[in-house]
Structure formats: C-alpha cells, structure tokens
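What the coordinates show
Residue-level listing of the chains:
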Amino acid sequence: MIHTNIAITFGAVYFISSVFATWIDPSLLDACPGYNIANPASQGSTFTADLVLAGTACNVFGSDLKSLSLAVVYETENRIHVKIMDANGSRYEVPESVLPRPNATFGGSISSAAIQFNYTTSPFSFTIYRTSTSEVLFTTASHPLIFEPQYLRVKTVLPPNANIYGLGEHSDSFRLPTFNTTRTLWSRDAYEIPTGTNLYGNHPIYFEHRTTGTHGVFLLNSNGMDIKINDTESTDGSVTLEYNVLGGVLDFYFLAGSENDPLEVSKQYAEVVGTPAEVPYWSFGLHQCRFGYTSYVDVAEVITNYSEAGIPLETMWTDIDYMDGRRIFTVDPSYFPLDRMREIVDYLHTHDQKYVLMTDPAVAYAPGEGYGTYNRGSALDVWLKMPNGSAELALVWPGVTNYPDWFHPSIQDFWTTEFGLFFNTSDGIDIDGAWIDMNEPSNFCVLPCTDPFQQAQEMALPPPRTAPPPDPDTPIFGNSSSIASSSLGKREDLLNPPYAIQDAAGNLSALTAWTNATHANGLVEYDTHNLYGTMMSVATRAAMLARRPGLRTLVITRSTFAGAGAHVGKWLGDNFSSWQEYRLSIAGMLGMAGVYQIPMVGSDICGYAENTTSTLCARWAMLGGFYPFMRNHNADTSISQEFYRWPVTAQAAKNVLDIRYRLMDYIYTTFHQASLDGSPVLQALWYKYPKDTSTYPIDLQFLFGPSILVSPVTDENSTSVTIYLPRDTFYEFLTLEPISGTGANVTLTNVDFTEIPVHIVGGSILPLRVNGTMTTTELRQNDFEIVVAPSAAGNASGRLYVDDGVSLKQTNGTTALTFDYQDGTLSVNGTFGYNLGVNVAGVKILGVDQSPKNVSVVDQSGQSIGNGRFSYDAGTKVVEVALGVAFDKAFELHMQEA
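Here's what I pulled together on the structure shown here.

A closer look at the nonpolar core
One finds Phe626 and Ile708 to be the most contacted residues of the largest nonpolar core, which totals 180 residues. Not counting residues up to four positions away in its chain, the partners in contact with Ile708 are Phe626, Leu663, Tyr666, Phe702, Leu703, Phe733, Val758, His759, Ile760, Val761 and Leu766. In terms of nonpolar packing, the next biggest core, distinct from the first, is built from 47 residues, Val154, Tyr206, Ile229 and Leu241 among them.

Right, dumping it as structure tokens:
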C-alpha cells in the first residue's frame, strides 16, 4: 500500500491517508471518549440501555453521534444478539427481505445460557464469555466504541496466536495471518483472485478455535469495511481484531459454539443465515465449460470427445460466447443458431446429460433496436437509477448497459419472464441450471466514466467475432457414442467517504456501480453494494424454479453475501493456471463450505486464465474430484484444457471420477444433512480433531464429510507428498489397508499424476456404489456395497439418504438409513420409503486381524439372507461378504471371530 507523507489534522486525531486506504495510529483512536451507559433495563432475556457520548467528541471521520441505543437479546441457549443503533433516527440495516432474521426462542434463565453478556458502565464496554468456564471470547475493554455517520469502530482482543477463520471472501490461508492483516469486504471483479485483497463476496463471520472450544462472531452489516487483525499492538502477543465500517449499524450475533465439537458453531451460524439449499443429484457429476467455444460446432465436439474418451461428462456449459453481441437472453444466429442449440440440448437430454448457460445481470442499453429484454425492462422501469432519476449507464460485455435493480417491486416478474421466454422448453433453450457472473456488479468503465459510449468504442465492446461462422448445416454428434428509505443525509459523501477502506480497485465506485446510485425503495448502492450478487442469485433461483415447477435447480454465482448458500452455489472466480492457485483453492473451499454455509463450491479446475500444463491439469483433476462443484473451465486466451486433451489428464479424470461416482450417495447424504442442520460438507482437520494443535494451520488436506480424508499432492511436478495423520485409524480408500495415525507427518511416495491419496477415517461406514458409470442416471441403477471401517475401539457408524434426486418435495418417499457396527455386528436400520431398485452386492469389513470363523446375515425376522459366502485377505485385513439381496429392508450381519 502506497502512503502519502502528509499528516492531516482531523478533529483531535492525526492520520495518514493512502491512495487506497486510511491508516490511523490505534492509540489515538483508543483515546476517543466512547460512551457511557444510561437507563439500563432488563426484562427476561432482553437487556436495553442508552449510550451517551462520554466526553469531547473525536469527530475522526465525521461527527460522533451523541446518543445511541443498545439492545441485547439472548435468542437461544447458544446465541446472543447485540445491536447498537442511532437513538435519534433510523439508519440503514440489511433488509429482512435479503436476510430474514432468526427467531428468538430462548425461554430459560439467562444464567443457563452457554455464553453471557457483561458490560462496564463508564466508559461502556462489553464482554462475551463462556458460562461454564468464564473464558472471555470477545471484549471491547480498553477500546472505545466510535459511532459516526460514515465510520463505525469496534475492537476486541484475542489470545496470542489466535486461530481465526472466515472474514471472506478471500484467497488467503484458511487460518488467517495475525500479523498486520486487513480483510476488506467490498465486492469487486477480482481477476486472478489475488491474496490479501477483497474479492467477489462478503461474509463478516469468523470462527475462533481454541483448545478450550470454538465460537463464532457474525457482524450483520453490508457496508464496506476493513477488519484489521494485528499481533503487534501488545507486549504479550495478544491479537487485536478491529472492525472499521463505512455505515449502517452494529448488529452482532455471538455464537457459543462448543467446548468440544467445532461442528456446533457451524450449525449455530446456519440458524442465523439459513441452511444450504439442496441441489439435484446430477449436479455432483462432472461439468465442462470454456470461455471461447467459437460456435455450436465446438460445443458439440467437446460433448462427443468426452464420450469417445470414456470420461463421464454430466453437464455441458456455455459461456457468453453463445450470445448475440454479448446480450443476455439472445443467441448469435450465425454462430449459435437457436435450432442447433436446441439440437445440442435434445442430444444431451436423450443421453441423460444436462446443459447450463451463462446469464449476466447487465442488460445492453439498446433503445429502438428491438432488443426485447431491454424494452421490457425499460417499460417496467426496473433499472438502477442515478441521483437525477436517470438509469445508470455502465460498461460491460455488450457495451453500454443498464443494471437491474433487485429491490424493484417488479424485478422478479421481469427476471422470471425473461427466463421463461428464452429458456422455455417448446421453442427456447431448455437449460437445466443457471450460471450467473459479473454480479458484484462488474463495470469496465474507467472512472470518471463521463462517456461510457466512447469507452465502449475504445474497448471494442461488444468484441467482434474473430473466426468465420460455421455452415449452419454442419453435422454434429455424427460419430458420437451413447452416453427501506435511505439513511444517509445530503451532507454525507456517498462517493468518497472520509474513511477509505482498502478496496483493491481503488475508489468505492471503481469498476462497479456508482455508490450514489439509488434503488426503487430509496436505498443506495453505498449501503447495498455487497448484496447485489446474492439478490441476483435469489431472483435467478426463483426464475429457474418457476420454469420447472417442483424441481430442484443448480444456480452457480460469483458474488455472495451471508445467507447466499440457502439459495445457490458458488465458484471461486477467475483463478490462474498455477500451482499456487491450485493449492489456495482448498482454503477457498474450506471457507465457503466450512464457514460461510455455501457448500456447493469449487474452483475452475486446471485454472481459468493463462495456460495449464498436462501435469498441473492432471493433479487438478484429481483434486477437483473432491470439490463439491466439479467444473473444468478456462478462458478464451488460454489453450484448451478439456480432460481428454492429454493422456495423463484423461486417465486422471477417469480414475477420480470412478472414486467420486462410487462415493456419490455418501456425498449426497452429506449435503442432505447440511440442508437439515448446517453440518459442514467440507471440514478442516481441526473440526474432527479439535484438541490437536498441529491441525489448526492445515489447509492442504481436508475432510469431505465426516469420513473421507483427502490429501492431494501440492508441489509442482512432484510424485510425493507429506501429509499429517492425527492419532486415529485410517484406511487407504483403494486398497482398504489400515494405517495407524500417530499425530505426525507421513511422506507418501510414488504418487502418480493419476492418483490422489484418499483415506477413510476409522469409525466410518460408507455406502458405496460398486463402480462408477458414465452418467449419474446410470449410476443410480448400480448396486451398493457397504464398507465398514472400524475405529481402534472396533466401532463404526454411518448414514445413507436417498430420494429421487430432483424434486423439491419428495412425493415418492425417502430412504434414510443408519449403519452401526460394534462387537462384530453390523446393523442396518431405517426407513425404506424410496424404492432404491438395486441390491446390496456385499459388505466389506476392514481392519480384521484374522479370518473370522463364520459370517451370517439375517433380516429383521431373523431369517437368513444372502448366501453366507465370505473371503478374507490377510494382506489388506479385509473380510468381504457376498450378499446380492434387494436393498429394501433392514438387516444385520454377524461376524464370529475364529
């Protein structure tokens, strides 16, 4: 960051202003007066008070508000809601229409709550501490509250070497650095997703993990903010965490988490922002896309080539290439004629495959040009407005554009209509999912942007086609195989607030919508900018559900805010084809799926920009097989990187997809559980081993669900990897051999580029399909095998959830089973409401030291089932029991030791 050398006096504080951000000596802010408590009152689980300015105002970035109101509510046994507002007038808050507030259900004595709120009267400070141990989790002591029209400051102190996770979106390490770190929240189009900067989304939630427990802190505020983390301000190494917010109110949710189980804080956060939306079964297959498919012929050839290569392709995607002049809800009649696009969709659907298209928010400004989307939007007047009442003009792919106003009362009707007209089944493109991009919102117009039309010409937007159009009758698939009002007054500067956050784009309005643009309900972009992508996501999901009533859909977005996962999934943006970004993708996933409750997440496999290599792409294919959202996607300026392009990547893709498809029902079950209670789909190792301090910084290994440990090779062109195995029992996924973890590093050698180290965690039972297939439709016709991986104590458990995989409401019933193994007995119980239509081919019991005397399998009535045959492999210590019985009833397997 480049700083000026000019010291400026502002009120009583000296500060140095940078080109992009503002820095102030923390001791000067700590000298501000803060507030005193007045009129405290308690009633049941609610505490209220007035806050009165305690002395001479600092007026550091505006006039200190003299009177505030404080409300504290014990909402559940594990959640305290602390809200500080202007006592004399309304200020902007995140609308309930965007993020509905959770209900307060706590009815007991506050002394029985897991955490407590305590305060000091003069000057006011507050502390959140754990009831059972009195351990302080959050405290503002010694750091006065600052509350001004466009600057809010709250600061807490955490223990030395604090383990802080969250505060994204970012591409930093999963455990955040504590040395002079600033996490900025302000959505921007972040090409290359650089570390240390603000990216596409905003999630002001952090989990702090200690050996004594895990808790969470969520600031519900959508204004731009810097969150500063520093371990240099004290002599004992304590870490300060400071919020510097550009407006709104202080709306904190404190989550008790648990002293023993980190998963609890994830579930408690889900109670606030919502549990993740369930996605269709098919969405866990492989997705393929590229920005730069020049015509429908290219798209068809890719589909054909995947089939010929024997690589399972579930869903084909097409980027903005298909559009006419880059205008949404159009097709280029020469390069992507509608009849040939419909032919592609029909072919895919006939072969049990799916299709997804890109839709951006910006609508081309095209008066008098017969562009229906623009005309219908203009008739409804749904565009984001400038202060003079005119529609804002931006510059995006089609050239000069208007932004839809997601707060407009007619916006959902408009968006649903456009989806219904263009993506209809009878004469449109019958997509199966939606991909939305550029929704920060992104803007190519360089400030001061006084003439976007001139800049459009200079940038050649929309860009011209560079290849001749194909013959419209070109054969395709010929050789293929089957397969509220604004709260900011006129005196406040919406374009250049006194405090400048560390926005990597520069000015708040740089490369995005003007921050003084106004929504139909009077709210301004200054306050709501960070909500734009999530609001588009909600509208898009509603439009997709309207065109296919009753069916789940897949919507993948780029920009997100807290709560987005209740509606959509997310890809990690425009990464580069580098080993560094390959590694960082794991931390990015752990943030989205492990903290922010957006589990349908993945990174562009093999990288988006620049050229990949065959070895990087092979390794990335193996890692990508364990992304919840698995998509190969790259840019028009990069070499083609479909998995069939190199023999090594083709084999890597086949190998990992076979593993992924065998695990598909385990994955689906994990996602279903997340939809019920917020259990994280991906977990850092410390989630499962919370007392093992060696796991706290690890973000190159991860758990997919509770039972699968993934440890990819992460060094360039290496065939070895050093992994950490906690003190536990593990089993190698392919060989099923047991490995005893000792809480130490283990180096694995000779890991081919078509392999990835995967282990089953001891104590798990996995319902696997017997083999992979070319489509998920075919996969669901394959038998199951049950793999029992006992813990060191000889116990194991697991679950299986199956439904029709596509419906919002399950009219054909559901199958929900529990597996339990102890003392040599496997019990399979539950409800078989959905007809699986397949058999249990067999059961494998791992880690058995010697061949059993006999094995028997009986149903609930005690009747013997199966043929009783089993085999034992002394080398791998696996007992394999053949069954071949219909998977439609409970049963027990008994293994008698020799």
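Focus on the environment of Pro472
Structurally, the position occupied by Pro472 is in the loop between helix H7 (452-459) and helix H8 (525-528). Separated by 52 residues in the primary sequence, Pro472 and Gly420 have C-alpha atoms spaced 26 Å apart. In contact with Pro472, not counting residues within four places along its chain, are Tyr296 and Arg340.

Section: helix H12 (residues 647-662)
The terminal C-alpha atoms of H12 lie 23 Å apart, and with 16 residues this matches the ideal 22 Å at 1.5 Å per residue to within 8%. Of the residues making up H12, those classed as buried are Thr649, Ala650, Ala652, Ala653, Val656, Leu657, Ile659, Arg660, Tyr661 and Arg662. For H12, the secondary structure elements touched by its buried residues are helix H11 (614-624), helix H13 (664-677), strand S39 (764-769), helix H15 (776-779) and strand S40 (784-789).

Thoughts on the sheet that holds strand S38 (residues 758-761)
Read across the open sheet, the 6 strands follow the order S31-S32-S33-S38-S35-S36; overall the sheet is antiparallel. Of all strands in the sheet, those bounded by a partner on one side alone are strand S31 (682-683) and strand S36 (738-740).

Focus on the pattern of salt bridges
For the coordinates displayed, the defined rule picks out 33 salt bridges. We note a salt bridge from Arg376 to Glu418, for which the minimum N-O separation is 2.7 Å. With a gap of 42 residues between them, Arg376 in helix H5 (residues 372-380) and Glu418 in helix H6 (residues 411-422) connect regions that are remote in the sequence. The buried category is assigned to Glu418, whose relative accessible area is 1%. A salt bridge links Arg548 to Asp430, with the shortest nitrogen-to-oxygen separation between them at 3.0 Å. Because the salt bridges share partners, they merge into one network encompassing Asp30, Arg153, Lys155, Glu233 and Glu242.

Some details on the state of the cysteines
Throughout the structure, instances matching the rule amount to 3 disulfides. The disulfide bridge from Cys606 ends at Cys617, spanning 2.0 Å between sulfur atoms. The chirality of the disulfide connecting Cys606 with Cys617 is right-handed, given an S-S dihedral of about 80°. In this pair, Cys606 is assigned in the loop between strand S29 (601-602) and H11 and Cys617 in helix H11, connecting sequence segments 11 residues apart. Each member of the pair, Cys606 as well as Cys617, carries the same accessibility label: buried. The disulfide pattern of the protein chain is 1-2, 3-4, 5-6 when the bonded cysteines are numbered in sequence order. No disulfide involves Cys289; its sulfur sits 13 Å from the nearest other cysteine sulfur, which is in Cys606.

Some points on H7
Listed as buried for H7 are Pro452, Gln455 and Ala456. Looking straight down H7, one finds that the buried residues subtend no more than 105° of arc, so they occupy a single side. What points out from H7, more than 90 degrees from its buried face, is the exposed set Gln457 and Glu458. Elements in contact with the buried residues of H7: strand S24 (394-396) and strand S25 (399-402). Downstream of H7 by one or two residues, Ala460 has phi in the positive range, about 55°.

Some thoughts on the sheet that holds strand S14 (residues 181-185)
Spatial strand order, S11-S12-S18-S17-S14: 5 strands in an open sheet with antiparallel pairing. The open sheet terminates on both sides in strands that have one partner only, identified here as strand S11 (146-148) and S14. Ignoring which end each strand starts from, the neighbouring axes of this sheet average 15° apart. In this structure, S11 lies alongside strand S12 (residues 151-158), joined through 3 bridges in antiparallel fashion. Pairing of Phe147 across the sheet is with Leu152, part of S12.

Basis of the calculations
Residues numbered from 1 in each chain as written. Predicted model: local features only at pLDDT ≥ 70, side-chain atom pairs only at ≥ 80, totals over all residues. Heavy atoms only, no water. Core = buried A, V, L, I, M, F, W, Y, C linked by side-chain atoms within 4.5 Å. Buried < 20%, exposed > 50% of the residue type's maximum accessible area, 1.4 Å probe, protein only. Contact = heavy atoms within 4.5 Å. Helix = DSSP H or I, 4+ residues; strand = E, 2+ residues; numbered from the N terminus. Expected span 1.5 Å × (residues − 1). Pairing = 2+ DSSP bridges. Salt bridge = Lys/Arg side-chain N within 4 Å of Asp/Glu carboxyl O. Disulfide = S-S within 2.5 Å. Arc of directions from axis to C-beta. Axes fitted to C-alpha atoms, helices over the stretch in contact; angles between N-to-C directions.

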